[in-house]
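Results of the structural survey
Spelled out from the first residue to the last, the chains are:
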Amino acid sequence: MKRVIIGTLCTLVIAFSCSKGSEQSTPPSNLITPRISVDINNAQNQEPFTGILEMYPCEAGSSIYYGNYINGKLTIFNGYYTIVKGDVFGQNNRELHLPIGNYNIVYWGTPKYDEPIHNSPAINSPGLSNHADLSQLYFSLRKSSDNDGTYIPVYDLVYAIKETAIGEEDIQTSLRRVGSGLKVIVRQEDNSVFNPDITNMQVYIGSIAEQINFYTAVAENMTKTVKFDLYRSEDGTVMSNPTVMLFPSGPDPLLELVITLADGSTHKLSQTLNSTLSPNTLLTLNIVIGKILPGGNPGDFSIEDWNEASETIEFPTIE
């Protein structure tokens with residue numbers, strides 16, 4: 001049975017701080033609660049969005065955060081909605097209440113997905129204050145608990161920015177993914193069962209962006225390495241991972257496959273990929289290796305086939 005998981009920016013624990021609880025002692029009389037309709041722009045088509053959506057109204061034509069009226073007071077608390085097939089769902093939403101006028105609205109969301117993905121993504125999120133300049137804020141990678149200089153996969157984040165005339169039009173926007181998905185599938189060249197002495201297999205992927213601008217969604221500083229585990233299939237012939245989401249990479253990122261054996265020895269196989277990990281793409285990486293024998297040493301390998309969707313890597317026998 002497919003696992004159904006819903007990501008939420010709420011779990012990112014955005015640390016709100018506020019110097020004043022209200023900008024005005026008397027709320028405007030023309031507050032509007034806009035209707036909302038959202039879709040997601042995939043590589044092939046557009047489809048209604050399902051997931052958690054957060055909305056950050058900025059002053060018209062700028063990146064300066066305006067805020068949101070709650071109980072008649074202007075607060076820093078942004079709009080927060082559960083969206084099902086493009087429409088607002090349920091009663092536990094934090095709606096936008098804004099005076100009539102033009103706003104530059106920044107959207108961040110996490111889609112619901114039916115297929116299994118990495119089960120413990122994380123991210124560092126910025127604090128938000130009155131009149132914050134969102135262009136100076138960032139989502140950033142979170143370091144691995146191993147303290148080895150690597151980072152962990154991120155949430156599946158979608159984004160949009162759009163000028164909207166509140167009071168004259170409903171909120172309608174198309175979201176796009178800012179990250180890249182990566183799935184790695186490892187087999188031996190004879191499709192045999194992996195040696196039981198293999199206790200762990202990990203993927204290291206380099207040249208990953210350290211951070212994403214909160215206002216523009218532009219990735220910056222493609223210098224970091226993200227690490228994740230591969231898992232043995234029930235029949236023991238495949239090592240693979242649920243899809244992981246990554247910030248975009250720089251050109252030709254380095255892939256390293258680290259194999260740990262029962263005797264504690266580790267063996268590393270490495271190769272640069274032929275293309276970047278671009279936003280809104282999913283790369284399936286098929287890796288073929290030679291027979292892994294106890295006490296063996298890794299050899300070189302090469303990438304044989306590449307296209308936008310998959311890449312095949314072959315390793316020689318480890319003996």
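Residues numbered from 1 in each chain as written. Predicted model: local features only at pLDDT ≥ 70, side-chain atom pairs only at ≥ 80, totals over all residues. Heavy atoms only, no water.

Thoughts on the overall build of the chain
Each helix and strand in the chain was counted, giving 0 helices and 25 strands. For the chain, with 319 residues in total, the buried portion stands at 49%. Sequence-distant contacts, at least 24 apart, represent 74% of the contacts inside the chain between residues at least 6 apart. Carbon and sulfur atoms make up 47% of the accessible area of the chain, which totals about 14700 Å². (Helix = DSSP H or I, 4+ residues; strand = E, 2+ residues; numbered from the N terminus. Buried < 20%, exposed > 50% of the residue type's maximum accessible area, 1.4 Å probe, protein only. Contact = heavy atoms within 4.5 Å. Areas by Shrake-Rupley, 256 points an atom, 1.4 Å probe, with all protein chains shown as cover.)

What about the side chain of Asn68?
Following the sequence through the fold, Asn68 ends up in strand β6 (residues 68–70). Looking at Asn68, its side chain comes within polar contact range of the main-chain oxygen of Phe77, at 3.3 Å. Within the local environment of Asn68, its side chain forms a polar contact with the backbone nitrogen of His97, the two atoms lying 2.8 Å apart. Dropping the residues within four chain positions of it, Asn68 is found in contact with Lys73, Leu74, Thr75, Phe77, Asn78, Gly79, Glu95, Leu96, His97 and Leu98. (Polar contact = N/O pair within 3.5 Å; in protein donor to acceptor, adjacent residues only side chain to side chain.)

Thoughts on the pairing of strand β5 (residues 51–59)
Within β5, 8 of the 9 residues are buried, leaving the element largely enclosed by the surrounding structure. Pairing geometry for β5 and strand β8 (residues 79–84), over 5 bridges, is antiparallel. Within β8, the position partnered with Glu54 by the bridge is Tyr80. Strand direction decides the pairing type here: β5 and strand β11 (residues 101–113), joined by 9 bridges, are antiparallel. (Pairing = 2+ DSSP bridges.)

Some thoughts on the environment of Asp170
Following the sequence through the fold, Asp170 ends up in the loop between β13 (158–166) and β14 (171–177). Distance in space between the C-alpha atoms of Asp170 and Pro34 is 5.6 Å, their sequence separation being 136 residues. Each residue touching Asp170, except ones within four places of it in the same chain, is listed here: Arg35 and Thr164.

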